[in-house]
Number of protein chains: 2
Amino acid sequence: MSSVTSTPATKGLEGIVATNSSICYIDGDRGILAYRGIDIHELADNSAFEETCYLLWFGRLPKRDELNSLRQRLADERHLDRAIIQLLREAPKTALPMDVLRTAVSALAFYDPDLKSNDHEANVRKAIRLTSQIGMIVASYGRIRKGKPVVEPDKSLSHSANFLLMLNGEKPSPTAERALDMALILHADHELNASTFAARVTAATLADMHAAVTAAVGALKGALHGGANEAAFRLMEKIDHEKADPVDYVRDMLAQKKKVPGFGHRVYTTEDPRATHLRVMSRDLGRSSGQPKWYEMSEKIEKFVKAEKKLNPNVDFYSASTYHVLGIDEDLFTPVFAVSRISGWAAHVIEQLDDNRLIRPRAEYLGPEHPNRYVPIEKR
Amino acid sequence: MSSVTSTPATKGLEGIVATNSSICYIDGDRGILAYRGIDIHELADNSAFEETCYLLWFGRLPKRDELNSLRQRLADERHLDRAIIQLLREAPKTALPMDVLRTAVSALAFYDPDLKSNDHEANVRKAIRLTSQIGMIVASYGRIRKGKPVVEPDKSLSHSANFLLMLNGEKPSPTAERALDMALILHADHELNASTFAARVTAATLADMHAAVTAAVGALKGALHGGANEAAFRLMEKIDHEKADPVDYVRDMLAQKKKVPGFGHRVYTTEDPRATHLRVMSRDLGRSSGQPKWYEMSEKIEKFVKAEKKLNPNVDFYSASTYHVLGIDEDLFTPVFAVSRISGWAAHVIEQLDDNRLIRPRAEYLGPEHPNRYVPIEKR
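Predicted model, so just to flag it, every value in this text is computed and none were measured. (Residues numbered from 1 in each chain as written. Chains lettered and ligands numbered in written order. Predicted model: local features only at pLDDT ≥ 70, side-chain atom pairs only at ≥ 80, totals over all residues. Heavy atoms only, no water.)

Caption draft 1: How the structure looks around the relation of the copies chain A and chain B. Superposing chain A onto chain B takes a rotation of 180° plus a shift of 0.0 Å along the axis, which leaves an RMSD of 0.1 Å. Both chain copies can therefore be described as sitting about a two-fold axis. Ranked by how close their C-alpha atoms come to the rotation axis, the residues of chain A are headed by A:Ala215, at 2.0 Å. Here 100% of the interface residues in chain A have copies in chain B that are interface residues too; the copies meet face to matching face. (Least-squares fit on C-alpha atoms with pLDDT ≥ 70 in both. Contact = heavy atoms within 4.5 Å.)

Caption draft 2: Main features of the interface of chain A and chain B. At the junction of the two partners, chain A supplies 111 residues and chain B supplies 111 residues. Carbon and sulfur atoms make up 57% of the surface buried where chain A meets chain B, a total of about 10,000 Å² over both sides. Among the residues of chain A in contact with chain B, A:Phe110, A:Arg360 and A:Tyr374 are the three that bury the most area, contributing 9% of the side total. If you look at where chain A meets chain B, you find 12 salt bridges. The partner of B:Arg357 in a salt bridge is A:Glu14, with the nearest N and O atoms 2.0 Å apart. (Buried area = accessible area lost by both parts, 1.4 Å probe. Salt bridge = Lys/Arg side-chain N within 4 Å of Asp/Glu carboxyl O.)

Caption draft 3: Here's a closer look at the nonpolar core. Counting residues in each nonpolar core, the largest one holds 219 residues, and the members touching the most others are A:Trp57, A:Ile301, B:Trp57 and B:Ile301. Beyond its immediate sequence surroundings of up to four residues, B:Trp57 is in contact with B:Arg36, B:Leu70, B:Leu74, B:Ala127, B:Ile128, B:Thr131, B:Ser343, B:Ala346 and B:Ala347. One finds A:Ala18, A:Phe197, B:Leu192 and B:Ala204 within the second-largest nonpolar core, a separate group that totals 22 residues. (Core = buried A, V, L, I, M, F, W, Y, C linked by side-chain atoms within 4.5 Å. Buried < 20%, exposed > 50% of the residue type's maximum accessible area, 1.4 Å probe, protein only.)

Caption draft 4: Seen up close, the pairing of strand β2 (residues 24-27) of chain A. Residue and element names in this part refer to chain A. Neither face of β2 is open: one carries Cys24 and Ile26, the other Tyr25 and Asp27, and all of them are buried. Bridge analysis of β2 against strand β3 (residues 32-35) gives four bridges, and the strand direction is antiparallel. Opposite Cys24, over in β3, you have Tyr35 as the bridge partner. Where β2 folds back onto β3 in an antiparallel hairpin, the turn is made up of four residues, including Gly31, whose phi is positive at roughly 70°. (Helix = DSSP H or I, 4+ residues; strand = E, 2+ residues; numbered from the N terminus. Pairing = 2+ DSSP bridges.)

Caption draft 5: Focus on the domain arrangement of chain A. Residues and elements named next belong to chain A. Per the domain assignment, the segments making up chain A are domain 1 (24-223 + 332-354) and domain 2 (228-325). Summarising the inter-unit geometry, the C-alpha centres of domain 1 and domain 2 are found 25 Å apart. At the junction of the two partners, domain 1 supplies 26 residues and domain 2 supplies 23 residues. Taken together, the two surfaces of domain 1 and domain 2 that pack against each other cover about 2,000 Å², and 66% of this comes from carbon and sulfur. Interface area lost by domain 1 to domain 2 is led by Leu186, His187 and Phe333, which between them contribute 31%. (Domains from an automatic or database assignment.)

Caption draft 6: Geometry of the sheet that holds strand β4 (residues 38-39) of chain B. Read from one edge of the open sheet, three strands run β2-β3-β4 (chain B), paired in antiparallel fashion. For this open sheet the edge positions go to β2 (24-27) and β4 of chain B, each flanked by a neighbour on one side alone.

Caption draft 7: How the structure looks around helix α7 (residues 159-168) of chain A. In terms of residue burial, α7(A) counts as a mostly covered element, since nine of its 10 residues are buried. Residues of α7(A) that are buried in the fold lie against α2 (49-58), α6 (120-144), α8 (174-187) and α16 (333-354) of chain A.

Caption draft 8: A look at the side chain of B:Ser47. With respect to the helices, strands and loops of the structure, B:Ser47 is situated in the loop between α1 (40-46) and α2 (49-58). Among the polar contacts listed, one links the side chain of B:Ser47 to the side chain of B:Thr52, at a separation of 3.1 Å. Residues in contact with B:Ser47, not counting those within four places in the same chain, are A:Tyr374, B:Glu42, B:Thr52, B:Arg178, B:Asp181 and B:Ile185. (Polar contact = N/O pair within 3.5 Å; in protein donor to acceptor, adjacent residues only side chain to side chain.)

Caption draft 9: Quick look at the packing of helix α4 (residues 82-90) of chain B against helix α5 (residues 97-108) of chain B. All names here are of chain B. Across the interface, α4 lies against α5 with an axial gap of 10 Å and an inter-helix angle of 155°. The angle between α4 and α5 falls in the class roughly antiparallel. Seen along the crossing, α4 lies across α5 with a hand that is right-handed. Here α4 contributes Ile84, Leu87 and Leu88 to the contact with α5, which in turn contributes Val100, Thr103, Ala104, Ala107 and Leu108. For the contact of α4 with α5, the class distribution of residues is seven nonpolar, one polar and no charged. (Axes fitted to C-alpha atoms, helices over the stretch in contact; angles between N-to-C directions. Parallel < 35°, antiparallel > 145°, perpendicular 65-115°, else oblique. Left-handed = near helix turned anticlockwise from the far one by under 90°. Nonpolar A, V, L, I, M, F, W, Y, C, P; charged D, E, K, R; others polar.)

Caption draft 10: Structural context of the environment of B:Pro273. All names here are of chain B. Inspection of the secondary structure puts Pro273 in helix α13 (residues 273-288). Its relative accessible area of 2% is what places Pro273 among the buried residues. Each C-alpha atom of the pair Pro273 and Val315 lies 8.1 Å from the other, and the pair is 42 residues apart in sequence. Apart from residues lying up to four places away in sequence, Pro273 is in contact with Gly31, Ile32, Leu33, Ile40, His41 and Tyr268.

Caption draft 11: The arrangement of the packing of aromatic side chains in detail. By the definition in use, this model includes 19 aromatic pairs over all chains. Ring plane angle 50° and centroid distance 4.6 Å describe the contact between A:Phe263 and A:Phe317, whose orientation is recorded as tilted. Here A:Phe317 lies in helix α15 (residues 315-325) and A:Phe263 lies in the loop between α12 (246-255) and α13 (273-288), a separation of 54 residues in the sequence. Aromatic pair B:Phe233 and B:Phe333: ring centres 5.7 Å apart, planes at 65°, arrangement edge-to-face. Taken as a pair, B:Phe233 in helix α11 (residues 227-241) and B:Phe333 in helix α16 (residues 333-354) lie far apart in primary sequence, 100 residues in all. The rings of A:Phe233, A:Trp294, A:Tyr323 and A:Phe333 are connected pair by pair, giving a single aromatic cluster. (Phe/Tyr/Trp six-rings, centres within 6.5 Å; stacked < 30°, edge-to-face > 60°.)

Caption draft 12: Local environment of the packing of α6(A) against α7(A). All names here are of chain A. Packing of α6 against α7 brings their axes to within 7 Å, and their N-to-C directions diverge by 25°. Taken together, the axes of α6 and α7 are roughly parallel relative to one another. As α6 packs across α7, the resulting crossing turns out to be right-handed. For the pair α6 and α7, contact is made by Thr131, Ser132, Gly135, Met136, Val138, Ala139, Ser140, Gly142 and Arg143 and by His159, Phe163, Met166, Leu167 and Asn168, respectively. Among the residues forming the contact of α6 with α7, the class breakdown is six nonpolar, seven polar and one charged.

Caption draft 13: How the structure looks around the side chain of A:Ser319. Assignment of secondary structure puts A:Ser319 in helix α15. Filtering out sequence-adjacent residues up to four positions away, A:Ser319 remains in contact with A:His187, A:Asn229 and A:Leu278.

Caption draft 14: Expanded view of the sheet that holds β3(A). Ordered in space as β2-β3-β4 (chain A), the three strands form an open sheet in which the pairing is antiparallel. Every other strand in the sheet has two partners, leaving β2 and β4 (38-39) of chain A as the edge strands with one partner each.

Caption draft 15: Molecular detail of the pattern of salt bridges. Enumeration over the complete set of coordinates arrives at 60 salt bridges over all chains. Here A:Glu302 ties to A:Arg279 by a salt bridge, and the two come within 2.6 Å at their closest N and O atoms. Linking A:Glu302 in helix α14 (residues 293-309) with A:Arg279 in helix α13, this pair joins segments that are 23 residues apart in sequence. B:Lys221 is the partner of B:Asp99 in a salt bridge, and the nearest nitrogen-oxygen pair spans 2.8 Å. Highlighted residues: B:Asp99 in helix α5 and B:Lys221 in the loop between α10 (209-220) and α11, separated in sequence by 122 residues. As far as burial versus exposure is concerned, B:Asp99 and B:Lys221 are alike and both buried. Here the salt bridges do not stand alone but share partners, grouping A:Glu77, A:Asp112, A:Asp114, A:Arg125 and A:Arg129 into one network.

Caption draft 16: View of helix α11 (residues 227-241) of chain A. Residue and element names in this part refer to chain A. Over its 15 residues, α11 runs 21 Å from end to end, which matches the ideal 21 Å to within 8%, given 1.5 Å per residue. Among all positions in α11, only Gly227, Ala228, Asn229, Glu230, Ala232, Phe233, Leu235, Met236 and Ile239 are buried. Of the surrounding secondary structure, the elements contacted by the buried residues of α11 are α10 (209-220), α12, α14, α15 and α16. (Expected span 1.5 Å × (residues − 1).)

Here you go:
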């Protein structure tokens, strides 16, 4: 097969550089994650989600008036077309929340005033709009599927506080708001993770941001990606329900060659720097809400898996117990991941379309040799 | 950045082998395309779309009873949930057909009996179901948006004849049925084209076939991918409307450094072997339907672009005039591409999930150096 590199397929493109990017810096061996060069630890401690969005979309931290303006623009987009609410209502009870979110995000294209433009400014407007809309869709669907009324957005609140208001029907405590805000900052971007890569592959055909973000929501669903936070909590719930010893339970899983969800990461050989913050948050939230058992169980599982398999917890492991204590149902954990990651997806789509090239690799063909004759049906 | 190959980014992964595959063989320098080793010319001349589906999904040509069984299974799936028809009805008039198709395909997940299973047999069932459903969605939406009643499927017809019946409200002539069938065979698969690659990236997270196919529909929309057939026809329509000379018109485009849609392909340096068949079909259909002008214009444009730019027409160029003569509106050309390519997408998702590995490349970071300090807002 000519015009193809002679190297054999690197399965999963592991270690292959697929594009240049100025958004996210990761050093997996040193446990470093940084957005636009700013260390995730500094952002987790000091930033707010809106400021992190600004950083991702515009490439630098905002001045005060710039941040206020972005907060205002995000708040101004806090309205969903009635048809989208209707779509959420009409989804059958058995539908999976990530499938509903993907369908709703796809349908948002119908109503987007900038749909036919792929230029930089239109894409920034779509980034702002989709970030507001995805938060509202997840919160509203969280209520609709339980037969509860949709809560009106409050434009005076932060993105995180408004999300918790629209999900839970009451303004969150400052601790809860800060906890979610930190989780949204930590999940906002992670270079060419599978959903972001799916978004860039899609955008690179010159399809638009809605097509790209719909693809990303599809990819995020998978158990090897965003779906892992839900799986991590289901494991803990099972251990709790069966009143099992967490270490015995996980030992059995490992003996059966089962993967423990929330551990290991293709990119990090050290601790996932996001887990460092989520561990503390899970502990503090658990204590302050009188539900310390999830953190305590997490700690035991972490210690055992580390000792047995030399695997570190990843971003999914401690976000599970954190989200649970925030009153988020476990099947909304992955949608909440999308509420954050839309900021990174949008940044990558903007970057891709600013200097585009179709992403079209090759496969190494291992099938029947050509020419394999077309045998008439009566002779098969 | 450690554990990353030291080579600089190959933009667009051009020439990079992303996976092994036994589905589609392409030799771009010799102009060869083959499904499971069988040359596309043999398939175009002898096969039917259902047989090609069998070949793609099961890896070999079917015996007669196997082919009859697959035809029956495809026909048995010719029913759409009422909620999907409702979704098509509720899409605003301004919605783009590819966005409506993407949203409807995403919503099909809600009603799929195999949704929670990703095993091989479940995926084959989903492949059959989605192939039937996507054809019906495109045909039904083609009518609904014009205020026409939805046509009931006819389970006794071939996939192609049923599609044309449901789109046009009458059984197609044998010539029209054969023309569409050949177009569906020619478009069925093309290795790791961008939409198939988006599907594999999505499926590789262990998200399901519906997530993967939704991503693929998103990617197919782009002007650098499936969207090119519509663009090619719009160009010809414009030339016809302005009563311009095709060669003068295209010469002006080239002088303005504009790309002529339907020419050139990343993989083929020779003629796209699919264009060979579509050229003949476009000519014959044009003559037999009394609309030879589109083919004649295409021929002039081809000759000129070949001479001037040494670019060959690709699959999109002659499918444009073919589809037009078949009574398909130009903004349904890309959806019709999906009616065919679902067969290849499904084959690739099945292959991906049969031996999965997460597809997660790296980016070469070119942004601000880490650590770039977090400066407090009052000091920015």
